[in-house]
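# Observations on chain architecture
Chain residues, written in single-letter form:
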Amino acid sequence: MQFPDYKSEQKALQEGYCFVAGCDEVGVGPIAGPVVAAACILDPSTIGKYRSPNKWYYRVRDSKTTNETERESLVKEILDNTIAYGIGVVWQEEIDQINIHHAGRKAMRLAVNEMLGKIKDTKQRVKKNNGAELGVFLFVDGRFEVSECADLVKQKCVIKGDQKVLSISAASIIAKVHRDNIMKEFNAKFPSYGFAKHKGYNTKMHQDALKKMGLTSLHRRSFFKNSKLLANEKRKV
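The rules behind each value
Residues numbered from 1 in each chain as written. Predicted model: local features only at pLDDT ≥ 70, side-chain atom pairs only at ≥ 80, totals over all residues. Heavy atoms only, no water. Axes fitted to C-alpha atoms, helices over the stretch in contact; angles between N-to-C directions. Helix = DSSP H or I, 4+ residues; strand = E, 2+ residues; numbered from the N terminus. Parallel < 35°, antiparallel > 145°, perpendicular 65-115°, else oblique. Left-handed = near helix turned anticlockwise from the far one by under 90°. Contact = heavy atoms within 4.5 Å. Nonpolar A, V, L, I, M, F, W, Y, C, P; charged D, E, K, R; others polar. Pairing = 2+ DSSP bridges. Salt bridge = Lys/Arg side-chain N within 4 Å of Asp/Glu carboxyl O. Phe/Tyr/Trp six-rings, centres within 6.5 Å; stacked < 30°, edge-to-face > 60°. Lys NZ or Arg CZ within 6 Å of the ring centre and 35° of its normal.

The next thing to look at is the packing of helix α2 (residues 68-80) against helix α5 (residues 166-189). With their axes 9 Å apart at the nearest point, α2 and α5 run at an angle of 120 degrees to one another. By the criterion of interaxial angle, the relationship of α2 to α5 is oblique. Where α2 crosses over α5, the two elements pack in a sense that is left-handed. Between α2 and α5, the contacting residues are Glu68, Arg71, Glu72, Leu74, Val75, Ile78 and Leu79 on the first element and Ala170, Ile173, Ile174, Lys176, Val177, Asp180 and Lys184 on the second. Taken together, the residues of the contact of α2 with α5 sort by class into eight nonpolar, no polar and six charged.

With that out of the way, let us pick up the sheet that holds strand β3 (residues 82-90). Spatial ordering of the open sheet is given by β3-β2-β1-β4-β5, a layout of five strands whose pairing is mixed. The strands lining the two open edges of the sheet, one partner per strand, are β3 and β5 (153-158). For this sheet the average axis-to-axis angle between neighbouring strands, irrespective of direction, equals 20 degrees. Bridge count for strand β1 (residues 19-26) against strand β2 (residues 35-42) is six bridges, and the pairing is antiparallel. Looking at the pairing, Gly22 lines up with Cys40 of β2. Its contacts with the sheet place α5 against β1, β2, β3, β4 (136-141) and β5, and it is angled at close to 140 degrees to β2.

This part covers the pattern of salt bridges. Overall, the coordinates contain 14 salt bridges when judged by the stated rule. Across the salt bridge formed by Glu68 and Lys184, the nearest N and O atoms sit 2.6 Å from each other. Of the two residues, Glu68 is situated in helix α2 and Lys184 in helix α5; the sequence distance between them amounts to 116 residues. In this structure, a network of salt bridges that share partners links the residues Arg59, Arg61, Glu70 and Glu77.

In this section: the packing of aromatic side chains. In the structure shown here, the tally under the stated rule is seven aromatic pairs. Ring geometry for Trp91 and Phe186: centres 5.9 Å apart, planes at 65 degrees, overall edge-to-face. With Trp91 in the loop between β3 and α3 (92-98) and Phe186 in helix α5, this residue pair connects regions lying 95 residues apart in the sequence. Considering the side-chain rings of Tyr193 and Phe195, the 5.8 Å spacing of their centres and the 5 degrees angle between planes classify their relative orientation as stacked. Note that Lys118 overlies the ring of Tyr85, its terminal NZ or CZ placed 4.1 Å from the centroid. The ring of Phe223 is capped by Arg220, whose NZ or CZ atom sits 5.2 Å from the centre of that ring.

This is the structure in structure tokens:
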């Protein structure tokens, strides 16, 4: 199992950036529910040079390699050791309108903007640094930068960043726990679908519920273009 480190962030801080953040998205694959992104700035004063069992970040890693109980424990430690964080949510209706790729990008932008707003609200006034108006360096998971933030932050995309960069891993856990909680809330509205268990992913349990009861308002219609479920729904209208 690969564990991320803080070396990339430390390098950016040494280059003079005031804040270093990570950003990641979750919920691209499910067939129901929103896509959620998070961005966070970890407090460098709480992070040592080496990973050791007595450090809060020892178990922080890609959210996909953690179980639900562990994530809920980790997110508390992460949030206790952040300077600022933000969360972006794009719901299934908009996913259907703009597609999942653009929805994921928008969720990231919302998360980053919320995080930046919290920095602005602090007494830590920062000056323009290396072309970034707020002196922020942002590590983004994947291949694409967060749009409409280029003038405010310097960005670097990192393939599989949630496995390499601690701030991205932390953001992935924040986003995953937030999305899981959303799906648990919808479980009360749609108790027969099992959203609290599968979180909207295309499991056998989910498929069995769909065959029996059809689509809900939480399902992403664009993910069912060639499905009999969508065809049957349109015939009923």
